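# Inside the fold
Listed below are the residues making up each chain.
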Amino acid sequence: SAVISQKPSRDICQRGTSLTIQCQVDSQVTMMFWYRQQPGQSLTLIATANQGSEATYESGFVIDKFPISRPNLTFSTLTVSNLSPEDSSIYLCSVEEGNGYTFGSGTRLTVV
Amino acid sequence: GIQVEQSPPDLILQEGANSTLRCNFSDSVNNLQWFHQNPWGQLINLFYIPSGTKQNGRLSATTVATERYSLLYISSSQTTDSGVYFCAFAYTGTASKLTFGTGTRLQVTL
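Predicted model, so just to flag it, every value in this text is computed and none were measured. One numbering rule holds for all chains: residues counted from 1, following each sequence as written. Going through the entries in the order they are written, you letter the chains from A and number the ligands from 1. Predicted model: local features are reported for residues with pLDDT of at least 70 only, side-chain atom pairs are reported and counted for 80 or more only, and whole-chain, interface and lining totals are derived from all residues. Only hydrogens and water are set aside when side-chain values are computed; all heavy atoms of the structure are taken into account.

## With respect to the overall build of chain B
Within chain B, the secondary structure is distributed over zero helices and eleven strands. Secondary structure elements follow DSSP: runs of H or I of four or more residues count as helices, runs of E of two or more count as strands, with numbering from the N terminus. Order of helices (α) and strands (β) in chain B, N terminus to C terminus: β-β-β-β-β-β-β-β-β-β-β. Across its three principal directions, the C-alpha atoms of chain B cover 45 × 25 × 20 Å. Taking all 110 residues of chain B together, 48% fall into the buried category. Excluding contacts between residues fewer than 6 apart, the proportion of contacts in chain B whose partners are at least 24 apart in sequence is 55%. For the accessible areas, the method is Shrake-Rupley and the probe is 1.4 Å, while residue cover comes only from the protein chains on display. Accessible surface computed for chain B: about 5,300 Å², of which carbon and sulfur atoms make up 48%. One way to put it: in chain B the 6 positive side-chain charges average out to a point 7 Å from where the 6 negative ones average out. To sort residues, take the accessible area from a 1.4 Å probe on protein chains only and compare it with the maximum for the residue type: under 20% means buried, over 50% means exposed, and anything in between is partly exposed. A contact between two residues is defined here by any heavy atoms of the two lying within 4.5 Å. Under the counting rule used here, the positive set is Lys and Arg, the negative set is Asp and Glu, and His together with the chain ends is not counted. A single reference atom marks each charge: NZ on Lys, CZ on Arg, CG on Asp, CD on Glu.

Right under this line is the structure:
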């Protein structure tokens, strides 16, 4: 199965700043997915990123707050902008393979 | 949308005990998977099991798609089994978007 390198693994950020999370996959994939997991909650899909087109955002998530880049078939970034304490969560990227989905190791963000 | 219910929401086991976790969903789904999220937040793929039964060591899973449920069995539990177990699936006929259940939080004690 695909191996996903996600970084940073954790960060503590000041409110009002931004954090960019990177995911590198060891094989070419058509779609990459970004999820958020708020404390004590399940995972929620933020957006789907296709190479060469704008990301598709789920209800409740907007591009200005969560801009995504997908410059090639093995790499994507998610930026969480204008941070507030409510953005403190784990953020995970994912890819689909023939036998299910594989996830990066996650980025634990704390906003102070 | 499809409703998904995981039970029990919380479970405390003594090391060596067995358990069954359940995932019910309200409509036909694709790509059903079970994940274990360890205390460090890493999400580990346990089973991709849209139907049938699979086993991997002390863990096994069964999905009965026609009756809209899936079960995860943990035998001879160990403290390293602690964490949250999620079932997740994609809606039939939609692009590949996983929807996660609410999870079962498992704590295995000595």
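Further notes follow.
## Some points on the overall build of chain A
Tallying secondary structure elements over chain A gives zero helices and eleven strands in all. Ordered by position from N to C terminus, the α and β elements of chain A give β-β-β-β-β-β-β-β-β-β-β. Over its C-alpha atoms chain A spans a radius of gyration of 13 Å, differing by no more than 12% from the 13 Å that the globule rule assigns to 112 residues. A principal-axis box enclosing the C-alpha atoms of chain A has dimensions of 40 × 25 × 20 Å. A total of 112 residues make up chain A; the buried ones form 50% of that total. With the radius of gyration taken over C-alpha atoms, the globule rule is written as 2.2 Å times the number of residues to the power 0.38.

## Describing unusual backbone geometry
Between Lys7(A) and the following residue, Pro8(A), the backbone shows a cis peptide bond with an omega angle of 5 degrees. Topologically, Pro8(A) is positioned in the loop between β1 (4–7) and β2 (10–13). Geometrically, the link from Ser7(B) to Pro8(B) is a cis peptide bond, its omega value of -10 degrees lying close to zero. Relative to the elements of secondary structure, Pro8(B) occurs in the loop between β1 (4–7) and β2 (10–14). We note that Arg68(B) has phi near 60 degrees; this positive angle belongs to a residue other than glycine.

## A closer look at the interface of chain A and chain B
Listed by partner, the interface residues are 21 residues for chain A and 20 residues for chain B. What gets called buried area is simply the loss in accessible area from a 1.4 Å probe that two parts show on being joined, summed for both. Of the roughly 1,500 Å² buried at the junction of chain A and chain B (both faces included), carbon and sulfur atoms supply 52%. Criterion for a salt bridge: a side-chain nitrogen of Lys or Arg within 4 Å of a carboxyl oxygen of Asp or Glu. Here chain A is connected to chain B by zero salt bridges. In the analysis that follows, any N or O atom pair within 3.5 Å is treated as a polar contact, provided that within protein one partner can donate a hydrogen and the other can accept it, and provided that, for residues neighboring in sequence, both atoms belong to side chains. Our enumeration of links across chain A and chain B arrives at five residue pairs in polar contact (both at pLDDT 80 or more). Listing elements by their share of the side of chain A that touches chain B, those giving two or more residues are β4 (31–37), β5 (43–50), β9 (89–97) and β10 (100–103) of chain A.

## Observations concerning the environment of Ser5(A)
Residues and elements named next belong to chain A. Along the chain, Ser 5 falls in strand β1. A relative accessible area of 45% means that Ser 5 is categorised as partly exposed. The spacing of Ser 5 and Thr 74 is 69 residues in sequence and 10 Å in space, taken between C-alpha atoms. In contact with Ser 5, other than residues within four places in its own chain, are Gln 22, Cys 23 and Gln 24.

## Thoughts on the state of the cysteines
Only a pair of cysteine sulfur atoms within 2.5 Å qualifies as a disulfide here. Under the defined criterion, the tally for this structure stands at two disulfides over all chains. A sulfur-sulfur separation of 1.8 Å characterises the disulfide bridge that pairs Cys23(A) with Cys93(A). Negative torsions about the S-S bond denote left-handed disulfides, and the value of about -90 degrees found for Cys23(A) with Cys93(A) makes this one left-handed. Here Cys23(A) is found in strand β3 (residues 19–25), whereas its partner Cys93(A) is found in strand β9, with 70 residues between them in sequence. On the basis of relative accessible area, Cys23(A) is assigned to the buried category, the value being 0%. A sulfur-sulfur distance of 2.1 Å marks the disulfide that ties Cys23(B) to Cys87(B).

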